[in-house]
Every structure is written in C-alpha cells, then in structure tokens.
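Residue-level structure breakdown
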Amino acid sequence: MENTENKRARSSVAMDLTEGQPMKLIIRFAVPLLLGILLQQFYSLVDSLIVGRYVGREALAGVGSTGSVNFIVLGLCMGVCNGFSVLIAQRFGARDYSGLRKSIANSIWLCAFIGVTVTVVVVALCKQILIWMNTPDTIFHFAYVYIVIIFSGIPMIILYNFSAGVLRALGDSKSPIIFLAVAAVLNIGLDLILIVYFHMGTEGAAIATVVSQGISGIMCVIYIKKRFPLLAYEPGEKRPDRDLMKLLLGIGLPMGLQYSITGIGSVILQTSVNGLGDSAIAAIAAALKVHILLSCPLDGLGQAMAPFAGQNVGAKKIDRISQGLKSAVICGFCVCAILIVIVFFIGRGAVSLFLDRENLSPEIVTEIIEYGNKYLIITAFFDVLLALVNIVRFTIQGMGFSGFAMFAGLLEMIARILAGVFLVPWLGFTGACLASPLAWIFADAFLVPAFFHCRKKLTKAADGQFNSKCDSSQQTDI
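Conventions used here
Residues numbered from 1 in each chain as written. Predicted model: local features only at pLDDT ≥ 70, side-chain atom pairs only at ≥ 80, totals over all residues. Heavy atoms only, no water. Helix = DSSP H or I, 4+ residues; strand = E, 2+ residues; numbered from the N terminus. Buried < 20%, exposed > 50% of the residue type's maximum accessible area, 1.4 Å probe, protein only. Contact = heavy atoms within 4.5 Å. Areas by Shrake-Rupley, 256 points an atom, 1.4 Å probe, with all protein chains shown as cover. Expected span 1.5 Å × (residues − 1). Salt bridge = Lys/Arg side-chain N within 4 Å of Asp/Glu carboxyl O. Axes fitted to C-alpha atoms, helices over the stretch in contact; angles between N-to-C directions. Core = buried A, V, L, I, M, F, W, Y, C linked by side-chain atoms within 4.5 Å. Phe/Tyr/Trp six-rings, centres within 6.5 Å; stacked < 30°, edge-to-face > 60°. Lys NZ or Arg CZ within 6 Å of the ring centre and 35° of its normal. Polar contact = N/O pair within 3.5 Å; in protein donor to acceptor, adjacent residues only side chain to side chain. pLDDT = per-residue confidence, 0-100. Patch = residues over 30% accessible without salt bridge, like charges linked within 9 Å, V, L, I, M, F, W, Y side chains within 5 Å. Parallel < 35°, antiparallel > 145°, perpendicular 65-115°, else oblique. Left-handed = near helix turned anticlockwise from the far one by under 90°. Nonpolar A, V, L, I, M, F, W, Y, C, P; charged D, E, K, R; others polar.

Okay, the overall build of the protein chain next. Of regular secondary structure, the protein chain possesses 18 helices and zero strands. Expressed as a percentage of the 478 residues in the protein chain, the buried residues total 59%. Across the protein chain, the fraction of contacts at a sequence separation of at least 24, relative to all contacts at a separation of at least 6, is 86%. Accessible area of the protein chain: about 19,400 Å², with a carbon and sulfur share of 66%.

This is how it looks when you write it as structure tokens:
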C-alpha cells in the first residue's frame, strides 16, 4: 500500500519545500503567489478605476468605505481557509497521505457550513453595519448595493481560497494563477459591459467580481480532481470526523479571527475618516488600492512561508524554518527599498487614475491627489514593518501556532482604534495615514519574539520525539 501511495504522490504536480536551498525555493514558490495576488488586486483595481471614472466620486468613495468591513468578513473566510491548508501542508510534509485526504474532506464539510452561515448573517446586517460606521448619506446607497452583492458571493470566495490553498499546501503555486488570469479577463469584460454599457454602477462592479471569483474557484476544483491522483479518496476518508474538525477549527478559526479582529480596528478607523469628508475618503480609497498593489510582493513572500513552514514541520525539519524566515526577510527588505523609490515617482499619477476629472473641479482633483500621495509616501517609509508582519505571521501560522497570529491581529486592532480615536481628531488626515504603520509596530513587537518562542517549543518537541532529518549545514540562528 505504501508503494502505491508513493507512486500516486510522485505523479502529483507538487513542490517539495523540505529539500533544497530555502531562499531559492521560497522565491520560486512566491513568484506565482505574487502574480496571483496581483491578479486578485487587479479585480478590485479595475472596479475602482471604472467606478471612479464612469460612475463618479461618490460611488468610488462608497466602494472604498466598505473596505474595512469587507476585510472583517472576507478576511474571516479566507483566514479559515488558509488555516485548513496549514494542516494539509503538514500532513503532506509528513507523507501522511490518508490523513491528508481526510483533512481535505473534513475541511470541505466545514467550508460549506461556514460559507452558508456567514453569508446569511452578514447580508442581513449590511445596512445596520453601514449605519454604525457613520457612512455619509451621499455615498450610502453606493456602499450598500456593493457590499450586499459582495457578501452574497461569499461561497464563491471560499471556494476559490480553499481550493487554491490546497494547491499551495501541496507545493503548487502556479496553477491557480492560470485560473485567476482567465477570471481577471472576464472581470474586466463584465465591468465594461455592466457599468459602461448597462449603467449598473457599483452593482455591476460587485457582480463582476463575484462571478469572476466563482469561475476561478470552479476551475481550481476541476484541475485538482484531474491532476492530483494523490487526492483520490479511499473508502471512509470522506466521512466527517469530529476530532479532526476540532483540530482544523483550532488552526483555522484563530487565523480567520485574526483578520476579523484587525478589521474591527479598521472599521472604527474608517468611521473617523468618514468625518473628514468625501475627498479624504476618496483619496484613501484610491491610495490604498495603489499601496496594496505595490506591496503585493510582501504578501507573496508572506504567503509562501505558510506552506514552507507547514511542510517542514511535518517533515520534522524545525531548524530549516529559521533559515527560510531569514531568507524571506532579506528579500522583503530589498523590496521595500524599491517601493519607496517607486512611490516618489508615480504616487500622484497613480492616484489621479481613479478620478473623473471632467466632473470634478480642479480644486477637488488637486486635493484628492495631494491627500492620496501623502498617504502613499508615509506608508512606503514604514513598509519594512509590514514586511515583517507578513513574513513572521505566516511562518508562525504554518508552524501551527495560529493563536499567536490572532493575538497579533488583536494588537493591530487596538492600534487602529487608538489612531481613530486620538490621531485622526488630533492630526486629521495625517493621523489616518499613520494608522497602519502604528498597527504594524504593535504587531511586530509581539510577532518577532513569538516566533522564537514557537521555534523553541517545536525544537523541544523534536528533541523528545524524533531525530531531526535536517542536515547540519541547514541549521542556522536568526
């Protein structure tokens, strides 16, 4: 039976992250992830560009004002999916193929339940949430229509993120990119058709995003079934397992709550920003899109560390995780230096892409551009802190200590609440610009020492239960 399992494993398209030079493996694995993140952001970017140009400033501000609450809900769903993939990566690294398939099957049961439950609850609460956020009357309708449709598509978002998470856990970070590329083209086409020709406004932008995400998820599922014989179930492996579900939720829920807790702080911050006026809201909405796009390499490096750490924990190569973390941090810091230069050259021009100059006075256009450029410059200088947050947090998650990552999210929430309550009233727009850097400082102050604690616990467990297979040449201290 073991020989049959090994044969099926070799026939699966996957990258073994437990052997080879960590830096090369991480970069090789992160590049497709980066492309995928860019494509996902492209969805949102195209929505904002077309909404801003063809629907107007109020519509752009309406879509932008939903960003924080979207982060709470969608972050919960995506975080849970990422958490499930951690156990899948660990089982794959340990060559426990039956346990791998059982983990996937039970994850699917949980994803179905979570998807339906969350969708029903948040769609019912959308209007009240926007009221609690003090959303201005001028943009309320745009925000409500957009967020209701996006939340109605939560099952599609879970479908893609879980199936893509399974692929990444098995070492395949390339295949989801192809599916996202197709979806991105579809998203652009639907945006143009629904918004420009059918004048559906923010409703059309939301529909285009949900449909595109759903199609990419369906393509991932079809690909997994056809190309991964390793995942063909044996009798009894699809059966719900209460203990396994508890284990999956123990990893997945803290990771999901980490995003949601962080998002709560963003909602409170957004409430304060809403008091600064439509121009400030539109400027942050546009600048945030640009910053998220520019910082995608940092997200790619971070996401690569979760399966890297997960597979190496499963393979009992604890010291190798430290070497991989060090390599990712070096790459991240180099990226941050480049981003500072890019922002100085393209900041104003990038923000202006989101504006409909024909329907705005020159004064308002100038105000939004200057606000947006200021936001980009301030955040760019603090991106080294974001690099640490992404890389260290995903590494800790891959090691199986998702509770620590959740606590880091709690600290980010506290930081953003402090910014919203004190910095924005005191410093105005500058205070809003400093909110994210403050959150990253709070998170890093906890995550860095937390990593060493997690490594120590795993090392002690390794010394007591098995002999590490990690070659002495791979051992290093950070």
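Moving on from the coordinates now.
With 17 residues, helix α11 (residues 278–294) ought to run about 24 Å at 1.5 Å a step, and its terminal C-alpha atoms sit 24 Å apart, in line with that. Within α11, 13 of the 17 residues are buried, which leaves it mostly tucked inside the rest of the structure.

It is worth spelling out the pattern of salt bridges at this point. According to the stated counting rule, one finds six salt bridges in the structure shown. For Arg91, the salt bridge is made with Asp96, and the minimal N-O distance between the two is 3.9 Å. What makes Asp96 partly exposed here is its relative accessible area of 31%. In this structure, the salt-bridge partner of Arg348 is Glu370, at a minimum N-O distance of 3.0 Å.

We note that His199 has phi near 55 degrees; this positive angle belongs to a residue other than glycine. For His199, the location among the structural elements is in the loop between α8 (175–197) and α9 (201–227).

We now examine the packing of helix α15 (residues 383–398) against helix α16 (residues 402–427). Orientation of α15 relative to α16, taken along the N-to-C sense of each, is 145 degrees, at an axis distance of 8 Å. Of α16, the residues touching α15 (which contributes Val389, Arg393, Ile396 and Gln397) are Phe404, Ala405, Ala408, Gly409 and Glu412.

What follows concerns the nonpolar core. Ranked by size, the top nonpolar core spans 73 residues in total, and within it Met305, Ile396, Met399 and Leu447 carry the most contacts. In this structure Met305 touches Ile26, Gly324, Leu325, Ala328, Ile391, Phe394 and Thr395, once residues within four positions along its chain are discounted. In this structure, Leu39, Val145, Leu230 and Ile251 belong to the second largest nonpolar core, which totals 68 residues.

Going through the model one piece at a time under the given rule, you end up with eight aromatic pairs. With centroids separated by 6.0 Å and ring planes inclined at 85 degrees, the aromatic side chains of Phe344 and Phe381 adopt a geometry described as edge-to-face. Within this pair, whereas Phe344 is found in helix α13 (residues 318–352), its partner Phe381 is found in helix α14 (residues 362–381), the two being separated by 37 residues in sequence. Summarising the aromatic geometry, the rings of Phe404 and Phe446 are spaced 6.1 Å apart at their centres and angled 25 degrees between planes, so their arrangement reads as stacked. Linking Phe404 in helix α16 with Phe446 in helix α18 (residues 435–465), this pair joins segments that are 42 residues apart in sequence. Of the residues examined, Phe404 reaches a relative accessible area of 24% and is grouped as partly exposed. The side chain of Arg95 reaches across the aromatic face of Phe92, ending 5.6 Å from its centre.

Another aspect to go through is the environment of Ser216. Relative to the helices and strands, Ser216 resides in helix α9. Between the alpha carbons of Ser216 and Ala184 there is a distance of 9.0 Å; along the sequence they are 32 residues apart.

Quick look at the side chain of Asn312 now. Note that Asn312 resides in helix α12 (residues 296–314). Under the relative-accessibility criterion, Asn312 is labelled buried at 0%. Within the structure, the side chain of Asn312 is placed 3.1 Å from the side chain of Arg320, a separation counted as a polar contact. Dropping the residues within four chain positions of it, Asn312 is found in contact with Leu17, Thr18, Lys317, Arg320 and Ile321.

Mean pLDDT over the protein chain: 82, with 89% of residues reaching 70 or higher. Residue range residues 466–478 is modelled with pLDDT below 50. Its contacts to residues more than four positions away, or to other chains, number 27 contacts.

A cluster of nonpolar residues, Val341, Phe344, Phe345, Ile346 and Phe381, forms a patch on the protein surface that exposes about 560 Å² of accessible area. Considering each element in turn, the nonpolar patch owes the most residues, four residues, to α13.

With that out of the way, let us pick up the packing of α11 against α14. Orientation of α11 relative to α14, taken along the N-to-C sense of each, is 45 degrees, at an axis distance of 8 Å. Classified by the angle between their axes, α11 and α14 sit oblique to one another. For α11 against α14, the interelement crossing comes out right-handed. Packed against α11, whose contacting residues are Ser279, Ala280, Ala282, Ala283, Ile284, Ala287, Leu288, Val290 and His291, the element α14 presents Ile364, Glu367, Ile368, Tyr371, Gly372, Tyr375, Leu376 and Thr379 at the interface. Class assignment for the residues of the contact of α11 with α14 results in twelve nonpolar, four polar and one charged.

Here α14 contains 20 residues, and its C-alpha end-to-end distance of 29 Å stays within 8% of the 28 Å for a straight helix at 1.5 Å per residue. Taken together, the buried positions of α14 are occupied by Val365, Ile368, Ile369, Gly372, Asn373, Tyr375, Leu376, Ile378, Thr379 and Ala380.

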